[in-house]
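Architecture at a glance
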Amino acid sequence: MTETLKSAGEPPKGRLTTFLKLLWADKFALFAAVFLLVVVLCAIFGPLLLETLATKQNLRGRNAAPFDLEAGWAMILGADALGRPLLPRIVVAAQNTIFVAAGAVFFSMLIGTALGLIAGYSRGRAAQMIPRLGDVIMSFPSLLLAVIVLYILEPSVGNIIIVLAITRIPIYLRTARAEVLEVRERMFVQAAKVMGASDRRIVFRHILPVVLPTLLTIATLDFAFVMLAESSLSFLGIGIQAPDITWGLMVSQGRPYLTNAWWLSFWPGLAIILTTLSLNLLSNWMRIALDPTQRWRLEMGGRKNG
Amino acid sequence: MKQFIGKRAIASAVSLVGLVILVFFLSRLTGDPTDLYLPIDASQEMRDQFRELNGFNDPLIVQFGRYVADLARLDFGQSIREARPAIDVVLQGFSWTLSLAAITMTLVTIAAIVIGSLAAFNVGGVFDRITTFFSLIGASAPDFWIAIVAIVIFAVNLHWLPTSGTGTPWHWVLPVAVLFIRPFGLILQVVRGSMITALSSAYVKTAKAKGVRSRPIIFVHGLRNGMLPVITVIGDQAAGILNGAVVVETIFGFPGIGKLMIDSILQRDFAVVLAAIMVSALAIFIMNLLIDLAYALLDPRIRY
């Protein structure tokens, strides 16, 4: 309702500005978005700029303590067991961490959504079989399966993405199917059908746009989950292998030095927490911002976004 | 009802069979356990004897046939590592994990429901905002990192709790506390969300108008109807503890099924890996069934 009132007086704005305004209204989400932007920039450009610095060993600076400005800005967070500065290492490790999570989320969402759309829209045998597939994947402890598969298949970035993507497919499959089952019965879909639209047009032009916001919100949340899963695998030693680094691997590399150099494990762990926290906050915001019936909470301003 | 359980059981059994076949053949690809178990200077005769004894000489398909035949007699094979029946090893580990999961989930459920309901009663209040913020942090933190930090603080620096192992009740405090955090954050959010919906419904307004006090409104009128989505998440999280326990058990040296599985895979103790998969799949199946029954119990409109 506020939408119509507002736009009555002002010229119509682009979608982007509307969303930036909605983002501005929720300061937590704004911080989260800015932080994530920084992480993504680190992931893209970090290795190009800091690769040499992050791998340069300095045995005199082994386990150097953090907050020591004399050693230069790179040592601000301390150094690891081989004297490599932690801050550049965290920046460089962002690439693998983000890349694996993004890959897994992308493929699970793509496959899961496609299967969910088919399962929800078709009334044939596929509608019966596909949900079963999701149940099968859901009914086993996924991390244990990942452990077995990775141990057998050699842990590499590609294999980790595949394993994580497979375990997350059911989330999108179930959500997409449930939503399609409901949207399919709505009037505008029926109308499109009567007007002779093809199945493909109905699914992609009429159903998918309604389902997509929910799926994107879930994907944001799931990104955090997948990141934690990859970190756990790397921590257990069956994820990314050294000399490649991810944040989870860095935590595990610092574990033997816990008692005398806590910072080795602490900083990369903090990087994981801040990133997942930002994703959670952003997903909370998206749930409201992408839902036309909830959006007023942000447009009103104030702190009522519950 | 019986039909429903039967259908479920068949579907689960089919997928379990597929999984067992897959893992059986894949695990054999990792290599021959002989080199891992015999000393490096063992003679060729000893090696041959070890292979013969454990049946590694036969073609894979024969080994698989023998495994299935044994399975039909409920014989899950021998653990090479511990030289006793694999199922005994697995059940022992499973009972540890089950106690860990049961204690954690009981605490999580009680805490999340009480705190979440109270937060939902006054949306946007101070209590609500504080709990939302902390539950978000809890849901975001990697458990292995929390475990490490907790060990440094409480075991190494303060000497309040043991670092790892089992034996006294104190050994349980850190593993339970670490496993507690993430499910608590997630379930609290769901309780809060679904209680907000339940408390804004017409019958709650009626109860309020009739002058019912707020505690009965929250815990009697609201809770029962807000519980359905909560139960789903509780089930997911309980199954997740079987997963999450892998990490936590490894860090705390807790002899549960997760640690057992990792060790068995690394040491090529195939019989234990397969038995562990079957036992945990059975546990998850039973739990999913219980959740569906709880649905029907809470909401009389749901029938199977």
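Residues numbered from 1 in each chain as written. Chains lettered and ligands numbered in written order. Predicted model: local features only at pLDDT ≥ 70, side-chain atom pairs only at ≥ 80, totals over all residues. Heavy atoms only, no water.

1. Structural notes on the overall build of chain B
Keep this limit in mind: In this description a helix means any DSSP run of H or I spanning at least four residues, a strand means any run of E spanning at least two, and both kinds are numbered starting from the N terminus. Any residue under 20% of the maximum accessible area for its type is buried, any over 50% is exposed, and the rest in between are partly exposed; the area is computed with a 1.4 Å probe on protein chains only. Contact between two residues is taken to exist if any of their heavy atoms lie within 4.5 Å; hydrogens are not considered. To be clear on the numbers: accessible area is Shrake-Rupley with a 1.4 Å probe, and residue cover counts the displayed protein chains and nothing else. Asp and Glu are treated as the negative residues and Lys and Arg as the positive ones, with His and the ends of the chain left uncounted. Charge coordinates come from a single atom per side chain, which is NZ of Lys, CZ of Arg, CG of Asp or CD of Glu.
Across its full length, chain B holds 12 helices and 2 strands. Principal-axis analysis of the C-alpha atoms gives chain B an extent of 85 × 55 × 30 Å. Here chain B, with 304 residues, has 48% of them falling under the buried criterion. Within chain B, residue pairs in contact and separated by at least 24 positions form 72% of the contacts whose partners lie at least 6 positions apart. In the form shown here, chain B has an accessible surface area of approximately 15,000 Å², with 67% of it arising from carbon and sulfur atoms. Where the 23 positive side-chain charges of chain B centre and where its 19 negative ones centre are 22 Å apart.

2. Topic: the environment of F121 of chain B
Residue and element names in this part refer to chain B. Topologically, F121 is positioned in helix α5 (residues 86-121). What makes F121 partly exposed here is its relative accessible area of 36%. Residues within four places of F121 in sequence aside, it is in contact with L199, K208, S214 and I218.

3. Focus: the packing of aromatic side chains
To keep it simple, the criterion reads: Only Phe, Tyr and Trp rings are paired, with Trp represented by its six-membered ring, and only when their centres lie within 6.5 Å; those with planes under 30 degrees apart are stacked, over 60 edge-to-face, the remainder tilted.
Applying the stated criterion across every chain, the model contains 15 aromatic pairs over all chains. Taken together, a centroid distance of 5.3 Å and an interplanar angle of 80° make the contact between F266 of chain A and W267 of chain A edge-to-face. Accessibility expressed as a relative area gives 25% for F266 of chain A, which makes it partly exposed. Residue classification places W267 of chain A among the buried residues on the basis of a relative accessible area of 13%. Measuring from ring centre to ring centre gives 5.3 Å for F24 of chain B and F25 of chain B, while their planes differ by 75°; the resulting arrangement is edge-to-face. Given the relative accessible area of 0%, F24 of chain B is considered buried.

4. Some remarks on the domain arrangement of chain B
Residue and element names in this part refer to chain B. Rule in force here: All domain edges in this entry derive from an automatic or database-based domain assignment. Buried area is calculated as the accessible area (1.4 Å probe) missing from two parts once they are joined, with the contributions of both summed. We define a salt bridge as a contact between a side-chain nitrogen of Lys or Arg and a carboxyl oxygen of Asp or Glu at a distance within 4 Å. Basically, the charged four are Asp, Glu, Lys and Arg, the nonpolar ten are Ala, Val, Leu, Ile, Met, Phe, Trp, Tyr, Cys and Pro, and anything else, Gly included, counts as polar.
Domain boundaries in chain B define domain 1 (2-77) and domain 2 (87-298). Of the residues lining the interface, 23 residues belong to domain 1; the matching set on domain 2 comes to 17 residues. When domain 1 packs against domain 2, the two sides together hide about 1,800 Å² of surface, and 74% of this comes from carbon and sulfur. The three residues of domain 1 that bury the most area against domain 2 are R8, Y37 and F76, which together make up 27% of that side's buried surface. The interface formed by domain 1 and domain 2 holds 0 salt bridges in total. Taken together, the residues that form the side of domain 1 that touches domain 2 break down as 15 nonpolar, 5 polar and 3 charged.

5. Concerning the interface of chain B and chain A
Selection rule: Between N or O atoms, a polar contact is any pair within 3.5 Å; within protein, one atom must be a potential hydrogen donor and the other a potential acceptor, and residues adjacent in sequence are included only when both atoms are from side chains.
Each partner contributes residues to the interface: chain B has 42 residues there, and chain A has 38 residues. With both sides pooled, the region where chain B packs onto chain A buries about 3,600 Å², and carbon together with sulfur makes up 80% of that total. The interface formed by chain B and chain A includes 0 salt bridges. Run the count over chain B and chain A and you get 2 residue pairs in polar contact (both at pLDDT 80 or more). Sorting the residues of the side of chain B that touches chain A by element identifies α1 (2-28), α6 (126-140), α7 (143-157), α8 (170-199), α10 (214-252), α11 (257-266) and α12 (270-298) of chain B as the ones contributing at least two each.

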